[in-house]
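# Per-entry structural report
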There are 2 protein chains.
Amino acid sequence: MAASNTMMSLPKLEEYLSAKGYRLTDQRRALLQVLWEADCCLTAQELYTRVLAARPGTNFSTVYRNLEVLNQLGVICLVDNGQQAHAFELNVDGAHHHHIVCRSCGRTRRLDFCPFDAWSGPEGFVCVEHKFEVYGYCESCSPKARKR
Amino acid sequence: MAASNTMMSLPKLEEYLSAKGYRLTDQRRALLQVLWEADCCLTAQELYTRVLAARPGTNFSTVYRNLEVLNQLGVICLVDNGQQAHAFELNVDGAHHHHIVCRSCGRTRRLDFCPFDAWSGPEGFVCVEHKFEVYGYCESCSPKARKR
DNA sequence: CTGGTTGCAAATCATTTGCAGACAA
DNA sequence: TTGTCTGCAAATGATTTGCAACCAG
């Protein structure tokens, strides 16, 4: 599948949830599967649509509740795609990273540079978190961008 | 006043709006004044409350519409404070910058470091915009932070 | 069995919009 | 005068929540 990580398989993920005391419902499995197969970050709406195909009858709020669970467990990360709705992505290796978001096709790509690689942080301030997203046009969309 | 910039006075700002063809209504003046007097980024709600004090009867949607106008003109900038609602700040000198947001008191501080100062950007991607915000605890709140 | 989960419907919350009257230039 | 603005009220869209039924372990 398209998941770019190599740390944990889908069964391992389910095992992990289980070990943490969460039940493996059809809805949860379907969501994990969808996240696993996604080749880039997806919005709750997009995830919901895909989950629905795999497991008809699933409710939108169930998807949201499970995204919350996965987020708490650190299994997914939230991406600020610059739109009103967040995007979500599986992050099984748990490595810190940021994203590039294409303004044309909406696709996201993982970014390995972090501002704190090159900067020690602001003085007189205890940093606990940060957000860094880059918006622009990916290789396949950039010709379009030049016309702007 | 608390505005930290030195590029443009409040009357100059009004003049600027006027020159751009915008009318100087009481509501607009009140909003500009509130933004001018603010010592850090404020949410639409906070701005609205303050505008209301100066100009009773002003409607929330008027505040939003004017924030949109000011944003289009590049007179204010939006800050992602990590909460559901955005924060707004006057940015009369128009200089690009980011923000530090205190998780305890909610105050924001301008940051002069930009990730692109130390990085050339992702390959095969045309960057048109980016977002960088740092969350943590400011000097007066960090003792509290240590107790966490 | 039994508490974690779900479906459903209604509630939030920030922000936006249609419209008719009001007002700056 | 006239087109921009405003107040009002209702709509939007993402996300959340209360509650009773349901089902994984």
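The notes below deal with the structure included here. Sequence order sets the numbering: in each chain, residues are counted from 1 along the sequence as written. Labels are handed out in written order, letters beginning with A for the chains and numbers beginning with 1 for the ligands. Local features in this predicted model are restricted to residues whose pLDDT is 70 or higher, and side-chain atom pairs enter the listing and the counts only when it is 80 or higher, whereas totals over whole chains, interfaces and linings include all residues. The basis for the side-chain values is all heavy atoms of the structure; hydrogens and waters are excluded.

Before going further, it helps to spend a moment on the relation of the copies chain A and chain B. Least-squares superposition aligns the copies on the C-alpha atoms of those residues with pLDDT at or above 70 in both. With an RMSD of 0.0 Å, the fit of chain A onto chain B corresponds to turning through 180° and sliding 0.0 Å along the axis. What the rotation and shift describe, once combined, is the action of a two-fold rotation axis. When C-alpha positions in chain A are compared against the rotation axis, the closest is assigned to Phe-132 of chain A, at 2.2 Å. In this description, contact between two residues means that some pair of their heavy atoms is separated by no more than 4.5 Å. Both copies present the same face, since 100% of the interface residues in chain A are matched by interface residues at the equivalent positions in chain B.

All names here are of chain B. Any Lys or Arg side-chain nitrogen found within 4 Å of a carboxyl oxygen on Asp or Glu counts as a salt bridge. Under the counting rule described, the total for this entry stands at 14 salt bridges over all chains. Here Arg-29 and Glu-14 are joined by a salt bridge, their closest N and O atoms 2.9 Å apart. You can see Arg-29 sitting in helix 2 (residues 26-37) and its partner Glu-14 sitting in helix 1 (residues 10-19), a full 15 residues away along the chain. The residue Arg-110 makes a salt bridge to Asp-93 at a minimum N-O spacing of 3.9 Å. A helix here means a DSSP run of H or I that spans at least four residues, while a strand means a run of E at least two residues long, and both kinds are numbered starting from the N terminus.

This part takes up helix 2 of chain B. Residues and elements named next belong to chain B. Expected helix span is given by 1.5 Å per residue-to-residue step, counting one fewer step than there are residues. A rise of 1.5 Å per residue sets the reference length of helix 2, with its 12 residues, at 16 Å; its end C-alpha atoms lie 16 Å apart and thus fit the reference within 8%. For helix 2, the full list of buried residues reads Arg-28, Ala-30, Leu-31, Leu-32, Val-34, Leu-35 and Trp-36. Along its buried surface, helix 2 packs onto helix 1, helix 3 (44-54), helix 4 (60-72), strand 2 (76-79) and strand 3 (87-90). Per-residue accessibility, obtained with a 1.4 Å probe over protein chains only, is compared with the maximum for each type, and a residue is labelled buried under 20%, exposed over 50%, and partly exposed between these values.

A separate point is the protein's contact with DNA strand C. Nearness here has a simple test: a residue counts as near a molecule or strand if at least one of its heavy atoms is within 4 Å of that partner. Among the 22 residues in the neighbourhood of DNA strand C, the closest are listed as Arg-23, Thr-25, Arg-28 and Thr-62 of chain A together with Tyr-64 of chain B. Protein-adjacent atoms of DNA strand C, using a 4 Å cutoff, are sugar or phosphate at a proportion of 64%. Within the side chain of Gln-27 of chain A, a nitrogen or oxygen atom sits 2.7 Å from a sugar or linking oxygen of DNA strand C. Whenever two N or O atoms come within 3.5 Å, that pair is a polar contact, provided that in protein one can donate a hydrogen and the other can accept it, and provided that, for residues adjacent in sequence, both atoms are side-chain atoms. Within the side chain of Arg-65 of chain A, an N or O atom sits 3.0 Å from a base nitrogen of DNA strand C. At the level of elements, helix 2 (26-37) and helix 4 (60-72) of chain A together with helix 4 of chain B are the ones that each hand at least two residues to the surface near DNA strand C. It is helix 4 of chain A that contributes the most residues to the surface near DNA strand C, 4 residues altogether. Side-chain classes are defined by residue name, with Ala, Val, Leu, Ile, Met, Phe, Trp, Tyr, Cys and Pro counting as nonpolar, Asp, Glu, Lys and Arg as charged, and the others, Gly among them, as polar. Classifying every residue of the surface near DNA strand C gives 5 nonpolar, 11 polar and 6 charged.

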